[in-house]
Each structure stands twice: as C-alpha cells, then as structure tokens.
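Given next are the chains, with one letter for each unit.
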Amino acid sequence: MEQNSTIQKLIKSTKLTAIITAAVAILLLALLVAFNIKPLYNHFAGPFEVSSGELISYQGPKDTFRTYVTTQPNVALDTNFYYYEKQEGGSEKVIHSYYALMFDDRLLLAKFPGAARGDILQPEPVTGRIVRLSDQENTQVLQALMEEFPNLEEAFLPYILDTTANNGSVWLAIIGIVILLGLTIWSLVNLIRPSGDSSKHPIAREISNPDDVT
C-alpha cells in the first residue's frame, strides 16, 4: 500500500509538471507566433506581386501586411552609393549597393547585394522586402541624394526595398516554434496517458522493485 501511495503521488506530480510545462509552452508559442506573424506570413506566402500604384501608396512597411514583394520598375538607376568592408591588406569589398527604382514619376531606393552594374534601362522584376530606412541609410544615402538632386526631393518614397537575403530572424522564429510545439505535444501526451491502473504507469514500472522506493 505504501508503494502504491508513493506511485500515485509521483504520478500526480508528473501530471502537474506536464500541465505547467504545457501551459508555459503554449503561452510562449502563442506569443512567438503573434510577434512574428507578419514575417512568417511573408516568408511562407510571399513574394507578392505589387503594382507601382500600390508601392506609391505606401509610406512604409506598416501600411501593408504584404512586405515581401515582386515589382516591375521602369528603370533602375545606379546611385553610386554603396556599403563596403575593408579586407586584410587594405582592399575594399562592396557588400551591397543602392539603386533608385523608377515608377512613373516616383523613385524607390533599393538595396542590392554586391557591386552595382550601372544604370539598368530595362530591368527585370525586382523581389525584396519593404523595410524602414535605417538612420545611416536615411542620412548618408537618401538625404545625400536629395541634396545632390534637389528637384528629386519629393520623388523618393520614404522606405527602402531590401533585395539582400536576410532571413535569419525568421528562421530563428521557426526553430523556436518547432521546439515549443514539440514541448507542447510531449507535455500533452503525458497528460492524456491513461492512469487508471497505476501499476501499468511507466513510473510504477521504473520503481517496481520495493528497494527503489525511499
């Protein structure tokens, strides 16, 4: 009887642990999905084809849920602005460059990987993510362009199209979701496991030897 009582207590303790674990995992899973629903949706459902009229109507990524897009500019103009890193030996490597994509009478700053190839008069469709301009891009690229070409000050849209591959944060969210989902399923399996006959419970089998009970 003492062993059965001990087994029952251990089973209840295991059930309680499973309930707490499942509740915490479900809460964290819901929060993780809620905070990443937009990038997750765009990652799995995008890219979305958008017209020049749609792009012109946006003031930034907050104005649309579809931020991973494909669009067709009329012309891609090389701005001669680029970001580089110094290599060993003093050489420079261009990490990405900036183009001004023309849509009718509006311009959209776009970030491309690697060095620019000059003006592209018949560009292919461009795929990228609508993102907010960083402070550095706003001051050192966009504002510099407006100072150099004052007549274009009203032409530029107030955000940037990032065509560089940068899915690290999305993959971290996906990995976190998979881990939390697995933990939730494991906890729920422990909860629904039959416990009518305590002698058949895994805990009972583990401590079936009376000498194991302390």
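Structure's up top.
Because the structure is a prediction, the values reported are computed rather than measured.

What counts and what doesn't
- Residues numbered from 1 in each chain as written.
- Predicted model: local features only at pLDDT ≥ 70, side-chain atom pairs only at ≥ 80, totals over all residues.
- Heavy atoms only, no water.
- Helix = DSSP H or I, 4+ residues; strand = E, 2+ residues; numbered from the N terminus.
- Buried < 20%, exposed > 50% of the residue type's maximum accessible area, 1.4 Å probe, protein only.
- Pairing = 2+ DSSP bridges.
- Contact = heavy atoms within 4.5 Å.
- Axes fitted to C-alpha atoms, helices over the stretch in contact; angles between N-to-C directions.
- Expected span 1.5 Å × (residues − 1).
- Patch = residues over 30% accessible without salt bridge, like charges linked within 9 Å, V, L, I, M, F, W, Y side chains within 5 Å.
- Areas by Shrake-Rupley, 256 points an atom, 1.4 Å probe, with all protein chains shown as cover.
- Salt bridge = Lys/Arg side-chain N within 4 Å of Asp/Glu carboxyl O.

*Asks:* Can you break down unusual backbone geometry residue by residue, with the values?
*Replies:* Omega for the bond connecting Gly46 with Pro47 falls within 30 degrees of zero, at 0°, which places this linkage in the cis form. If you trace the backbone, Pro47 turns up in the loop between α1 (2-45) and β1 (48-49). The phi torsion at Asn80 lies on the positive side, around 70°, for a residue other than glycine. Following the sequence through the fold, Asn80 ends up in strand β3 (residues 75-86). Given a relative accessible area of 60%, Asn80 falls into the exposed group. A positive phi is found at Asp104, a non-glycine position, where the angle reads about 55°. With relative accessibility at 54%, the residue Asp104 sits in the exposed group.

*Asks:* An account of the sheet that holds strand β2 (residues 68-71) is requested, with residue identities and associated values reported.
*Replies:* Sheet architecture is open: seven strands sit in the order β1-β2-β6-β7-β5-β4-β3, paired in mixed fashion. Every interior strand has two partners, whereas the edge strands, β1 and β3, have only one. Examined bridge by bridge, β1 and β2 share two bridges and lie parallel to one another. Residue pairing in the sheet places Glu49 in a bridge with Thr70 of β2. Seen against the sheet, helix α3 (residues 135-148) touches β3, β4 (92-103), β5 (106-113) and β7 (156-162) and runs at an angle of roughly 140° to β3.

*Asks:* Account for α3, naming residues and giving values.
*Replies:* For α3, spanning 14 residues, the distance from its first C-alpha to its last is 19 Å, which sits close to the expected 20 Å at 1.5 Å a residue. Taken residue by residue, α3 has Glu137, Val141, Leu142, Leu145 and Met146 as its buried positions. Packed against the buried residues of α3 are β3, β4, β5 and β7.

*Asks:* How would you sum up a nonpolar patch on the surface? Please name residues and give values.
*Replies:* A grouping of Leu16, Ile20, Val24, Leu27, Leu28, Leu31 and Phe35 is seen on the molecular surface, where their side chains present a nonpolar patch of about 710 Å² in accessible area. You can see Ile20 is positioned in helix α1.

*Asks:* Quick rundown of the pairing of β7? Include the residues and the values.
*Replies:* Buried residues dominate β7, accounting for six of its seven residues. Examined bridge by bridge, β5 and β7 share four bridges and lie parallel to one another. Residue pairing in the sheet places Ala110 in a bridge with Leu161 of β7. Two strands pair when backbone bridges link them, and strand β6 (residues 126-131) and β7 are joined in this way by three bridges, in the antiparallel orientation. Residue Arg129 lies in a different strand from β7, and its bridge partner there is Asp162.

*Asks:* Hey, could you go over helix α4 (residues 168-192) for me, with residue numbers and the actual values?
*Replies:* Within an α-helix, residues lying three or four positions from one another point in the same direction, as the helix has 3.6 residues per turn. The end-to-end C-alpha distance of α4 is 36 Å, a good match for the 36 Å that 25 residues give at a rise of 1.5 Å each. Those residues of α4 not exposed but buried are Val170, Ala173, Ile174, Gly176, Ile177, Leu180, Thr184, Ser187 and Asn190.

*Asks:* Explain the pairing of β5 to me, using residue names and the numbers behind them.
*Replies:* For β5, a buried count of seven out of eight residues is recorded, marking the element as mostly surrounded by other parts of the structure. Two elements, β4 and β5, share eight bridges in a ladder whose sense is antiparallel. Bridging from a neighbouring strand, Tyr98 pairs with Lys111 of β5. Here β4 folds back onto β5, and the loop between the two strands holds two residues, one of which, Asp104, carries a positive phi near 55°.

Honestly, it's all geometry; don't read function into it.
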